[in-house]
Amino acid sequence: MAYISVKVRTKDLKPGQILAEDVRDTHGRVLVFQGAVLTPNLIVGLRIREYIDSVKIFIPVEEAPKGLVKPEQAGISIPGGIQPKLGRFFRNARKMHEIKPETIKELSEDVKPIIEEIFETRPAIMDSLQLISSHDDHTHDHSWMVMLLSLSILRMAELKNVFHPGKQDKVDIALGALLHDVGKTKVPLEILNKPGKLDPDEWKIMKKHPDYGYAMVRSTENLMPVAKAIVAHHHRFIDGTGYSPEGLPVLEKLPTLVRIVTIADIYEAIVSDRPYHVAALPYHAIKIIDQGAGTKFDERFIGCLREMVAPFPTGSFLFFRKGVIGKVEAVDALEKELPFIEIIASLTKETEDLVGREFRLGESLNDMPKEEDIVLGAYSPVNLATKIKSAMGIGSGSDVLFEPGTEFALTSLPEWERIMKEHFDFLFESESEERVR
Ligand SMILES: [Fe+2]
Ligand SMILES: [Fe+2]
C-alpha cells in the first residue's frame, strides 16, 4: 500500500496513526521518531507540549484528499529486489575465490536507494529490522540486517552531530557491512550451524572467517579500503582485543566505520535466533554491549543505537525474579525504556497474587517487579521457557531465577493458561511423576 504524509493537529490525532516526520522539542532534539505508531499515551505526550501544534502522519493514498500528492511521491518501503540477489550472491560465494569488481559495482547501485531511504526519508526502519531471521540462510540475512543497522547508526550519528558521513562513507559502510561475513562461506556448514558450543578446534576455524573474507575482497577493484577494513577487522575492538586476519597489522585506531559495524554486528547477533541461542530482547543486547562501552565499543555509537531501538518491544515477554511473567502491552515512544506491562502468569506461590495486574516499569509500587528484577526476556512464551530451562541447567543460574526452597505454583490469566501449562510444565515434572505414582 502506498502512503502520503499529511499534517494533522495534535488534538485530532488518533491511536494507530503513524508519524511521517520526526517530532522535535524546542531545542531540536527528537522526541518521537518518524515511523512511530501513535498510542493514547503518546498522543497525550504530544498534546501537552503546547509548542507542538500539529504533526505529519502517514495515511493511505486512497484516503488522501484528492489532488494533494502524487502517489509516486509516497512510497515508504525499502526496495526489496536486492534481497533475493544477495541470497544468490551468498549461495554462490562458496565457489568464489574473489569478489569481482562488477559485483561491487552492482551492489553499490543496489544499496543507493536504501541509503536514500535511510538518510532522506527514513522510514520506520527499526520495525523491519525485527522481522527477518532465518536459520539456514542466516549469513545473508545477518549481513542484510547488519547493513541496515549500520546505516541507521550512521544516520543517527549524523543527526546527533556525532559524526558527519560523506557520500562515499555511506556506500562504503553499506558494502562493508554486506560483505563483512563473506568469509563464513569458507567455514564448513557443520561448524556454522552447530547447535551447541564450538570446541577449540572449531573456534580456530570460525575465527578465520575475517581472514577468508579479506582474501576474497583484498584485490577487488571498486571496493574502497575502508570497506575491506570492515571485512578484515569487524571482530577487532577499540582497545585492540579481538581478532583480525593473521599477518595484518593491528590498526592503531579502528576506523569509525568499522566501529559502527562492530556494534551493529554484535547487536544483530544477540537479538536474532541462531542455531546456538534464542533471540534476546534489545534491552539485554544493549546491556551486554554496554559492558564493553569505551573498551570494546565506541560509546558514541552505542548512544546512537540506544536511541534507535525499543528496549522492550510490544508483545514481548519478561521474566522477573520470583517467577513473575509479564507481557509488554504498550510502549510510550517518549519513554520507551518504561513499558506498560501486564502480569500474565506467576510460577511461584509467593507471587501468584500479582497475576492480572498491570503496571508501568519504573513506577515505584512496593510489590510490583522493578527493572532490577528483570532476569530474562523473549519474543514468545516458548522462547522464554527455553531460556528459563537453560538458565536452570547451568547450576548457579537457578538461584537467580528462583531462590532455594521456592514453592512452585502455576497461576495464569485464563487466556494464557494453556500456553503456560504447555511450556512451563518442566518446572512441575517431579510433581506430576508423583501424581502418576
Ligand atoms: Fe564476523
Ligand atoms: Fe557478523
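Residues numbered from 1 in each chain as written. Chains lettered and ligands numbered in written order. Predicted model: local features only at pLDDT ≥ 70, side-chain atom pairs only at ≥ 80, totals over all residues.

1. A few points about the overall build of the chain
- Of the regular secondary structure elements, the chain holds 17 helices and 11 strands.
- Here the chain holds 437 residues, and the buried ones make up 37% of them.
- Look at the contacts in the chain between residues 6 or more apart in sequence, and 66% of them connect residues 24 or more apart. (Helix = DSSP H or I, 4+ residues; strand = E, 2+ residues; numbered from the N terminus. Buried ≥ 20, exposed ≤ 12 C-beta atoms within 10 Å, placed from the backbone. Contact = placed C-beta atoms within 7 Å.)

2. Structural notes on the packing of helix α6 (residues 167-179) against helix α11 (residues 256-271)
- Look at α6 against α11: their axes get within 10 Å of each other, and the N-to-C directions meet at 40°. When the interaxial angle is binned, α6 and α11 end up oblique. The hand of the α6/α11 crossing is right-handed. Of the residues in α11, those in contact with Asp169, Asp172, Ile173, Gly176 and Ala177 of α6 are Leu257, Ile260, Val261 and Ala264.
- Looking at the contact of α6 with α11, its residues break down into six nonpolar, one polar and two charged. (Axes fitted to C-alpha atoms, helices over the stretch in contact; angles between N-to-C directions. Parallel < 35°, antiparallel > 145°, perpendicular 65-115°, else oblique. Left-handed = near helix turned anticlockwise from the far one by under 90°. Nonpolar A, V, L, I, M, F, W, Y, C, P; charged D, E, K, R; others polar.)

3. Describing the pairing of strand β8 (residues 340-348)
- Within β8, seven of the nine residues are buried, which leaves the element mostly enclosed by the surrounding structure.
- Where strand β7 (residues 324-330) meets β8, six bridges bridge the pair, whose relative direction is antiparallel. Looking at the pairing, Ala330 lines up with Phe340 of β8.
- Bridge count for β8 against strand β9 (residues 358-360) is three bridges, and the pairing is antiparallel. Paired with Phe340 across the bridge in β9 is Arg360. (Pairing = 2+ DSSP bridges.)

4. Focus: the nonpolar core
- Of all hydrophobic cores here, the largest spans 104 residues; its most connected members are Ile153, Ala174, Leu175 and Ile263.
- Among the elements that make up this core, the one with the highest residue count is helix α5 (residues 138-159) (11 residues).
- Setting aside its immediate chain neighbours within four residues, Leu175 contacts Ile104, Leu107, Ser108, Val111, Leu223 and Ala227. (Core = buried A, V, L, I, M, F, W, Y, C linked by C-beta atoms within 7 Å.)

5. What to know about helix α1 (residues 40-47)
- For α1, every residue scored as buried is listed here: Leu42, Gly45 and Leu46. Buried residues of α1, viewed axially, fall in a sector of 95°; they line one side.
- Contacts made by the buried residues of α1 are with β3 (23-24), β4 (30-32) and β5 (54-60). (Arc of directions from axis to C-beta.)

6. Looking at unusual backbone geometry
- Of note in the backbone geometry, Asn161 takes a positive phi value of approximately 60° without being a glycine.
- Positive phi values are uncommon outside glycine, yet Asn222 reaches one of about 75°.
- Judged by local crowding, Asn222 falls into the partly exposed class, with 16 C-beta atoms found within 10 Å.

7. Remarks on helix α9 (residues 209-217)
- Where α9 is concerned, the buried positions are His209, Pro210, Gly213, Tyr214, Met216 and Val217. Projection of α9 onto a plane perpendicular to its axis shows the buried side chains occupying an angular sector of 155°, all on one side.

8. Considering the packing of helix α14 (residues 381-393) against helix α16 (residues 417-424)
- Close contact between α14 and α16 brings their axes to 9 Å; oriented N to C, the two are set at 30°. In terms of orientation, α14 and α16 fall into the roughly parallel class. Here the hand of the crossing between α14 and α16 comes out right-handed. Of the residues in α16, those in contact with Pro381, Val382 and Ala385 of α14 are Ile419, Met420, His423 and Phe424.
- For the contact of α14 with α16, the per-class residue count stands at six nonpolar, one polar and no charged.

9. Thoughts on the environment of Met420
- When you line up the elements, Met420 lands in helix α16.
- Placed 38 residues apart in sequence, Met420 and Val382 show a C-alpha to C-alpha distance of 8.8 Å.
- In this structure, Met420 is in contact with Ala345, Pro381, Leu410 and Ser412, ignoring residues within four places of it in sequence.

10. Topic: the confidence of the model for the chain
- Taken residue by residue, the chain gives an average pLDDT of 83. The fraction at 70 or more is 85%.
- The secondary-structure element of the chain with the lowest mean pLDDT is helix α4 (residues 125-131), recorded at 40, while helix α10 (residues 225-233) shows the highest, at 97.
- Predicted confidence is poor over residues 65-77, with pLDDT under 50, and the contacts of this stretch with residues over four places away or in other chains come to 16 contacts.
- Note that residues 431-437 has pLDDT below 50 and, in this model, zero contacts with residues that lie over four places away or in other chains. (pLDDT = per-residue confidence, 0-100.)

11. As for the environment of Ala279
- Within the secondary structure, Ala279 is located in the loop between α11 and α12 (282-290).
- If we ignore the near neighbours within four places in the chain, the residues touching Ala279 are Val271, Ser272, Asp273, Tyr379 and Asn383.

12. Overview of the environment of Ile388
- Considering the arrangement of structural elements, one finds Ile388 in helix α14.
- In this structure Ile388 comes out as buried when scored by C-beta crowding, with 25 C-beta atoms within 10 Å.
- Ile388 sits 13 residues away from Leu401 along the chain, and the two C-alpha atoms are 7.8 Å apart.
- Among all residues touching Ile388, those that are not within four sequence positions of it are Phe319, Leu376 and Leu401.

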